Amino acid sequence: MEYRAKLWAKSYQGSKFSNGTLAKFEFTHRNGAGMQAFAMNTRKDFFKDPRVRQAMGLALDYEWMNRQIFYNQYKRLDSYFSNSLLGASFEPNSIPEGEEYKLLKSLDQQYPGEIPEAVFGPMPSPVSTSEPNSLRKNLLKARDLLEQAGWTYRDGALRNSSGQAFEFEMLEDSPFLLRILSAYIRKLEKLGIKANVRTTDNALYKKRLDEHDFDMTTVRYQDTQSPGNELWDRFGRLAADEKASDNHLGVRLRSVDALISRITKAEKREDLYLATRALDRILIHSYYVVPHWYSPTHRVAYKTVLGFAQPPAYYRAEDWIIGNWWRKSAAEINLPAKE
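A short tour of the structure in this document, coming up. (Residues numbered from 1 in each chain as written. Predicted model: local features only at pLDDT ≥ 70, side-chain atom pairs only at ≥ 80, totals over all residues. Heavy atoms only, no water.)

## What to know about the overall build of the protein
Now for step 1: Helices and strands together make up the secondary structure of the protein, namely 13 helices and 13 strands.
Now for step 2: Seen through its C-alpha atoms, the protein measures out along the principal axes to roughly 80 × 50 × 45 Å.
Now for step 3: Put simply, the protein has 339 residues, and 48% of those count as buried.
Now for step 4: Across the protein, every contact between residues at least 6 apart in sequence was considered, and the portion connecting residues at least 24 apart equals 75%.
Now for step 5: Accessible surface, the protein as shown: approximately 17,800 Å² in total, 49% of it carbon and sulfur.
Now for step 6: The protein carries 49 positive and 43 negative side-chain charges, and their two centres are separated by 5 Å. (Helix = DSSP H or I, 4+ residues; strand = E, 2+ residues; numbered from the N terminus. Buried < 20%, exposed > 50% of the residue type's maximum accessible area, 1.4 Å probe, protein only. Contact = heavy atoms within 4.5 Å. Areas by Shrake-Rupley, 256 points an atom, 1.4 Å probe, with all protein chains shown as cover. Lys, Arg positive; Asp, Glu negative; His and termini not counted. Charge placed at Lys NZ, Arg CZ, Asp CG, Glu CD.)

Take a look at the structure:
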């Protein structure tokens, strides 16, 4: 198994790969990818307005990163339950229909002003710079959103009506993402936004996250096929004011609490899908994060004398290989290739 895109692209080569003794292959899977992202702390004045948060996402040029850094091996996360039937992106541009639509409308009536109108439209595709889009078009849209939120460029910086410059800190606990952050920061600078990266040791990093003392950081929400009580700590209103909670985003929506309650009480898979997809739509359209990327395949290099069956939808590659692969017999090795 290989987890590093650079090694997979450059290191698995040589005479044994050329003569067919060894092979490399990418096996697809449907394991949930969860959500990894640059997370904005909505407790901070900079990130209270969803238009500002949306603009922050428009400044990330993922396609450039995938070409130049990831060797085109990753796919953009498009949901808090990416690569899973739990998410509202289970099919491209899905819209809420039937019981899901009724549920969202009911929540909109119960908690007016909480659910963005766009929730009732198509689930958005990830921000892209591929044609017919472009980085320039995205930055122009971001500039317009920032102006609507009261931020305009003057005197060499993006400023609000009080003259305060848009400058924030990006907190990290390792230098792992520095290449990616450097590229992202250069795009933010085009909007007049200054981001200062600070890497710190794990102890101080955890202390600051526990106290929700940060502007932006990287979060990773683990994938699962059966979400439950962990969502209270991650997105619940009470957790937003609790130290050491996972609600780093500062989500304080009663509609989200209502959906988490439905998720934890769901007795049928269909009821679970209904509630998680509705929750996904609200969170995505609230623009709390700038989503990262994931690998939709398991990268495996192997001896070609080994045989294997079609993989299942959900699996860990190591366990599947150890439990299900076999060494081919001489007859199998000499079989003619299938058309």
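## Regarding the packing of aromatic side chains
Now for step 1: This model, assessed by the stated rule, comprises 27 aromatic pairs.
Now for step 2: Taken together, a centroid distance of 6.2 Å and an interplanar angle of 70° make the contact between Phe308 and Trp320 edge-to-face. Of this pair, Phe308 sits in the loop between strand E12 (306-307) and helix H12 (317-324) while Trp320 sits in helix H12, and the two are 12 residues apart along the sequence.
Now for step 3: The exposure class assigned to Phe308 is partly exposed, which follows from its relative accessible area of 28%.
Now for step 4: Over the face of the ring belonging to Trp64 we find Lys187, whose NZ or CZ atom lies 5.7 Å from the ring centre. (Phe/Tyr/Trp six-rings, centres within 6.5 Å; stacked < 30°, edge-to-face > 60°. Lys NZ or Arg CZ within 6 Å of the ring centre and 35° of its normal.)

## Concerning unusual backbone geometry
With the exception of glycine, most residues fall at negative phi, and the peptide bonds are largely trans.
Now for step 1: That bond from Glu131 to Pro132 is cis: its omega, 10°, falls within 30 degrees of zero.
Now for step 2: Mapping Pro132 onto the fold places it in the loop between helix H5 (98-110) and helix H6 (135-148).
Now for step 3: Positive phi is not limited to glycine here, since Tyr71 has a value of about 60°.
Now for step 4: By the secondary structure assignment, Tyr71 is in the loop between helix H4 (62-68) and strand E3 (75-76).
Now for step 5: You can call Tyr71 partly exposed: its relative accessible area is 29%.
Now for step 6: In this structure, Asn83 takes a positive phi of about 60° despite not being glycine.
Now for step 7: Considering the arrangement of structural elements, one finds Asn83 in the loop between E3 and H5.

## Quick notes on a nonpolar patch on the surface
Now for step 1: A surface patch of nonpolar side chains, amounting to about 250 Å² of accessible area, comprises Leu85, Phe90 and Tyr314.
Now for step 2: Here Phe90 lies in the loop between E3 and H5. (Patch = residues over 30% accessible without salt bridge, like charges linked within 9 Å, V, L, I, M, F, W, Y side chains within 5 Å. Salt bridge = Lys/Arg side-chain N within 4 Å of Asp/Glu carboxyl O.)

## Examining the sheet that holds strand E6 (residues 167-172)
Sheets are built from strands that pair by backbone hydrogen bonding, the pairs being arranged parallel or antiparallel.
Now for step 1: Taking strand neighbours across the sheet as the criterion, the five strands line up as E7-E6-E8-E2-E9 in an open arrangement whose pairing is mixed. Each edge of the open sheet is held by one strand with a lone partner, namely strand E7 (194-199) and strand E9 (289-291). Between one strand axis and the next, the sheet turns by 30° as a mean value, whatever way the strands run.
Now for step 2: Bridging between strand E2 (residues 35-40) and E9 involves three bridges; their strand directions are antiparallel. (Pairing = 2+ DSSP bridges. Axes fitted to C-alpha atoms, helices over the stretch in contact; angles between N-to-C directions.)

It is worth stressing that arrangement in space is one thing and function is another; only the former is reported here.
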